[in-house]
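Observations on the model geometry
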Amino acid sequence: MASFSIDFPGTSNQFVVSADSAIKNKGGIFDGNSNTGSFSLQTLIGSVKGTYQVVSEPNSPQTKVEITITKKPFIVPMSKIQEVIASYF
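So, how was this worked out
Residues numbered from 1 in each chain as written. Predicted model: local features only at pLDDT ≥ 70, side-chain atom pairs only at ≥ 80, totals over all residues. Heavy atoms only, no water. Patch = residues over 30% accessible without salt bridge, like charges linked within 9 Å, V, L, I, M, F, W, Y side chains within 5 Å. Areas by Shrake-Rupley, 256 points an atom, 1.4 Å probe, with all protein chains shown as cover. Salt bridge = Lys/Arg side-chain N within 4 Å of Asp/Glu carboxyl O. Helix = DSSP H or I, 4+ residues; strand = E, 2+ residues; numbered from the N terminus. Buried < 20%, exposed > 50% of the residue type's maximum accessible area, 1.4 Å probe, protein only. Expected span 1.5 Å × (residues − 1). Arc of directions from axis to C-beta. Phe/Tyr/Trp six-rings, centres within 6.5 Å; stacked < 30°, edge-to-face > 60°.

A closer look at a nonpolar patch on the surface
A grouping of Leu-44, Ile-45, Phe-74 and Ile-75 is seen on the molecular surface, where their side chains present a nonpolar patch of about 610 Å² in accessible area. Note that Phe-74 resides in the loop between β5 (63–71) and α2 (78–87). A relative accessible area of 80% means that Phe-74 is categorised as exposed.

Given below as structure tokens:
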């Protein structure tokens, strides 16, 4: 398991809408709210699963989100997973 944070340029509600859309458009599953949730994506070399926790104040103009990857393909470095996940938001 590995964690990293991203700064989303909007409220936590906007983050949820954006994350839901981005992950589902890639064929993944997103389940969450403006506080916490989980996601999974299938890649060409295996699945990526994780959770998120919003750590900033509700309705803050910028939202800090802590992402924890709970499953990833062994051969993919964590830095690549972080880069791809962050690009969704």
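Here the narrative resumes.
Description of helix α1 (residues 12–25)
Over its 14 residues, α1 extends 20 Å from the first C-alpha to the last, a length consistent with the 20 Å expected when each residue adds 1.5 Å. Turning to α1, its buried residues number three or more, namely Ser-12, Phe-15, Val-16, Ala-19, Ala-22 and Ile-23. For α1, the angular spread of buried residues about the axis comes to 145°, placing them on one side. Of the residues in α1, the exposed ones pointing more than 90 degrees away from the buried face are Val-17 and Asn-25. Downstream of α1 by a residue or two, Gly-27 has a phi angle that is positive, lying close to 85°.

A closer look at the packing of aromatic side chains
Across all of its chains, the model carries three aromatic pairs by this definition. Between the aromatic rings of Phe-15 and Tyr-52, the centroid separation amounts to 5.3 Å while the plane-to-plane angle is 70°, which identifies the pairing as edge-to-face. Separated by 37 residues along the polypeptide, Phe-15 in helix α1 and Tyr-52 in strand β4 (residues 46–54) bring together distant segments of the chain. Across this residue pair, the class does not change: Phe-15 and Tyr-52 are buried. Measuring from ring centre to ring centre gives 5.6 Å for Phe-30 and Tyr-52, while their planes differ by 10°; the resulting arrangement is stacked. With a gap of 22 residues between them, Phe-30 in strand β2 (residues 29–32) and Tyr-52 in strand β4 connect regions that are remote in the sequence.

Overview of the pattern of salt bridges
Inspection of the entire model under this criterion finds three salt bridges. When the shortest N-O distance is used, the salt bridge between Lys-64 and Asp-7 registers 3.1 Å. In this pair, Lys-64 is assigned in strand β5 and Asp-7 in strand β1 (residues 2–8), connecting sequence segments 57 residues apart. Judged by relative accessible area, Asp-7 falls into the partly exposed class, the value being 45%. We note a salt bridge from Glu-83 to Lys-80, for which the minimum N-O separation is 3.4 Å. Pair noted here: Glu-83 and Lys-80 are both in helix α2, with a separation of three residues, about one helical turn.

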